[in-house]
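Coordinate analysis (summary)
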Amino acid sequence: PAERAAELAELVGDRAGAWDRAGLLPPDLLRGLGADGLLCAEVPVEHGGLGWTSLDNGELTAATGALCSSLRSVQTSQGMAAWTVQRLAGPAQRGEYLRRLTGGELAAVGFSEPHAGSDLMSMSTTVRPDGDSVVVDGHKVWVTAAHYADLLVVFGRYTEGGGAVVVVPVGTPGVRIERVADPLGCRAAGHAAVVLDSVRVPASAVLGAGAGLGLLVSSALAYGRKSVAWGCVGILRACRDAAARHAATREQFGRPLAEHQLVARHLATLVTGEQVATRLCEHASRCWDSGSPESVIATLLAKNESARRAAEGAAAAVQVLASAGAQDGHVVARAFRDAKLMEIIEGSTEMCELLLAEHVVRGVR
Ligand code: FAD
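Residues numbered from 1 in each chain as written. Predicted model: local features only at pLDDT ≥ 70, side-chain atom pairs only at ≥ 80, totals over all residues. Heavy atoms only, no water.

Structural notes on the overall build of the chain
Assigned secondary structure in the chain consists of 11 helices and 10 strands. In terms of overall size, the chain behaves like a compact globule, its C-alpha atoms giving a radius of gyration of 21 Å where 365 residues would be expected to give roughly 21 Å. For the chain, the proportion of its 365 residues judged to be buried stands at 54%. Residue pairs in contact within the chain that sit at least 24 positions apart in sequence constitute 74% of those at least 6 positions apart. Averaging the coordinates of the 34 positive side-chain charges in the chain and doing the same for the 39 negative ones gives two points 3 Å apart. (Helix = DSSP H or I, 4+ residues; strand = E, 2+ residues; numbered from the N terminus. Rg over C-alpha atoms; globule rule 2.2 N^0.38 Å. Buried < 20%, exposed > 50% of the residue type's maximum accessible area, 1.4 Å probe, protein only. Contact = heavy atoms within 4.5 Å. Lys, Arg positive; Asp, Glu negative; His and termini not counted. Charge placed at Lys NZ, Arg CZ, Asp CG, Glu CD.)

This is the structure we're talking about:
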């Protein structure tokens, strides 16, 4: 992972700020990384992937997050799509889709709808079997990477009962993709609304038809949470380094900022946040790699705490740099906007807290 992270750093260079301002990642770069397997590195080797552990992929995700949260968002979506296929697909579907996802095609995952955000069980997208095909109708919102995607992994209700996940090629008649204008952060991540109007795909594109919708959603979200948590570790590392560099070199009142104790406190916040987030992510990934039942709660903890620490740490970094970091395109300004969004996605802070509380209460009943 360290070698691949170094290659990635070279590929990205100092362009992340410009991508953010333009609201666009270079599609060739995305396809290249996808074809190298780096957008979903945990896919097994027999399916064209790199077969990395969650821990190794986590370190790569942190490295991506430190460089560019938009790129890391695309990586999270692709990994979540691949994980959904791994978990839910039959052998033939698994072989086909994983080859495509490790061969340069890009995917986005749609759960959220205009009236179903935190409460995903109220989603109204339908998947209706019709002969040897299914018809999908629905409206998904804020789908990360949809602007770049070849394949849309869409969650909905199976009209015969339960839920279903459908892999919809973007070119299918009835699919409309409308970009989210001017998002607060991760501005090059290609967020878009996806409208599905009587979209017909072969029945072989359906994964997990009839399984509980909650089960389908939570399986995909678990991967997403883990990936976002590692991305937050990256945000914290980038902010820690930028703040430390600035505090060590900029002088006010005749000494470096770092020697003013109230400034030093911000540096302590950053290093503590980075360490706490890293340890929680490592624990979650180790649980994931060993198939531990603790994995669900460890992932939830890692996501919630890493997102909170990243938002707090990015704000501290902006404070340390002050006017030097208060400009669009600066690494800490970008981190400040990106980190806030991490507290909203893949289960908001409030939803994570509710689930953590539910877990602790269940333990004493
Ligand atoms: P709401 O559900 O309306 O919640 C509003 C506020 O109320 C939040 O603070 C929430 O925590 C709180 N709240 C809601 N219910 C409760 C409760 N019971 N108790 C306490 N507090 C509560 N969706 C996708 O499907 N695919 C994607 O790839 C994707 N990417 C995204 C990327 C970004 C940058 C963003 C901003 C969103 C993305 N989303 C995506 C959507 C995201 O999953 C939702 O925004 C998120 O689930 C919250 O839903 P909501 O925005 O509708 O807020």
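Following the structure, the description resumes.
A closer look at the side chain of arginine 309
Along the chain, arginine 309 turns up in helix H9 (residues 295-321). Those residues in contact with arginine 309 that sit more than four places away from it in its chain are Leu236, Thr272, Gly273 and Val276.

Side note on the pattern of salt bridges
Going through the model one piece at a time under the given rule, you end up with 21 salt bridges. In this structure, the salt-bridge partner of arginine 279 is glutamate 282, at a minimum N-O distance of 2.9 Å. With arginine 279 and glutamate 282 both in helix H8 (residues 261-290) and three residues apart, the pair spans about one turn of that helix. (Salt bridge = Lys/Arg side-chain N within 4 Å of Asp/Glu carboxyl O.)

A look at the nonpolar core
Within the largest apolar cluster, 72 residues are counted, with the highest numbers of intra-cluster contacts made by Leu25, Phe111, Leu152, Phe155, Val166 and Val168. Top element by residues in this core is helix H5 (residues 69-88). It accounts for seven residues. When residues no more than four places from it in sequence are discounted, the contact partners of valine 168 are Asp150, Leu151, Leu152, Val154, Val175, Leu196, Val199 and Val201. Trp230, Val263, Leu321 and Leu341 belong to the second largest nonpolar core, which has 37 residues in total. (Core = buried A, V, L, I, M, F, W, Y, C linked by side-chain atoms within 4.5 Å.)

Regarding unusual backbone geometry
Positive phi outside glycine occurs at cysteine 186, with the angle close to 45°. Among the structural elements, cysteine 186 can be located in the loop between strand S6 (175-179) and strand S7 (192-202).

Details of empty space enclosed by the protein
Summed over all chains, the structure comprises five cavities of 30 Å³ or more. Reported here for the largest cavity is a volume of approximately 70 Å³. Forming the walls of the largest cavity are Gly65, Ala66, Leu67, Cys68, Ser69, Ile235, Ala238, Val331, Arg334, Ala335 and Asp338. Those elements that place two or more of their residues in the lining of the largest cavity are helix H4 (54-67), helix H7 (213-249) and helix H10 (331-342). (1 Å grid on protein atoms, 1.4 Å probe; cavity = no way out; pocket = protein on both sides within 12 Å on 5 of 7 lines; lining within 4 Å. Points joined across faces, edges and corners; volume = space filled by probe spheres on them.)

A short note on the site of the ligand
Close to the ligand lie 18 residues, the nearest being Phe111, Ser112, Ser118, Trp142 and Ser348. Between a nitrogen atom of the ligand and a main-chain N or O atom of tryptophan 142, the distance comes to 2.9 Å. Side-chain polar atom of glutamate 350 to an oxygen atom of the ligand: 2.8 Å apart, as the coordinates give it. Here the ligand, which alone exposes 970 Å², has 63% of that area covered by the protein. When residues of the shell around the ligand are traced back to their parent elements, those giving at least two are strand S1 (107-110), strand S3 (133-143) and helix H11 (349-364). For the shell around the ligand, a count of residues per class yields 10 nonpolar, seven polar and one charged. (Near = heavy atom within 4 Å. Polar contact = N/O pair within 3.5 Å; in protein donor to acceptor, adjacent residues only side chain to side chain. Areas by Shrake-Rupley, 256 points an atom, 1.4 Å probe, with all protein chains shown as cover. Nonpolar A, V, L, I, M, F, W, Y, C, P; charged D, E, K, R; others polar.)

Here we look at H8
Between its terminal C-alpha atoms H8 stretches 43 Å, which fits the 44 Å expected from 30 residues at 1.5 Å a residue. Two residues or fewer past H8, glycine 291 is found with a positive phi of approximately 70°. (Expected span 1.5 Å × (residues − 1).)

Let's talk about the pairing of S1
Burial of the side chains of S1 extends over both faces: Ala107 and Val109 are buried on one face and Ala108 and Gly110 on the other. The pairing of S1 with strand S4 (residues 151-158) spans four bridges and is classified as parallel. For alanine 108, the partnering residue across the bridge sits in S4 and is leucine 152. (Pairing = 2+ DSSP bridges.)

Description of the pairing of S4
Along any regular strand, the residues point their side chains to alternate faces of the sheet. S4 sits mainly inside the fold: seven of its eight residues count as buried. Judged from the two bridges that link them, strand S2 (residues 126-130) and S4 form a sheet pairing that is parallel. Pairing of threonine 126 across the sheet is with arginine 157, part of S4. For S4 and strand S5 (residues 163-169), the ladder comprises seven bridges, and the chain directions are antiparallel. Across the sheet, leucine 151 pairs through a bridge with proline 169, a residue of S5.

Quick notes on H5
Between its first and last C-alpha atoms H5 spans 28 Å; for 20 residues at 1.5 Å apiece the expected length is 28 Å, and the two agree. Summarising burial for H5: 17 of the 20 residues are buried, a large majority.

With respect to the environment of alanine 317
Looking at where alanine 317 falls in the secondary structure, it is placed in helix H9. Counting along the chain gives 311 residues from alanine 317 to alanine 6, while the straight-line C-alpha distance between them is 24 Å. Contacts of alanine 317, omitting those with residues within four sequence positions, involve Cys239, Ala243, Leu270 and Val332.

Considerations on the environment of arginine 255
Along the polypeptide, arginine 255 turns up in strand S10 (residues 255-256). Looking at arginine 255, the relative accessible area reads 37%, which means it is partly exposed. Arginine 255 has contacts with Arg250 and His260, leaving out every residue within four places of it along the chain.

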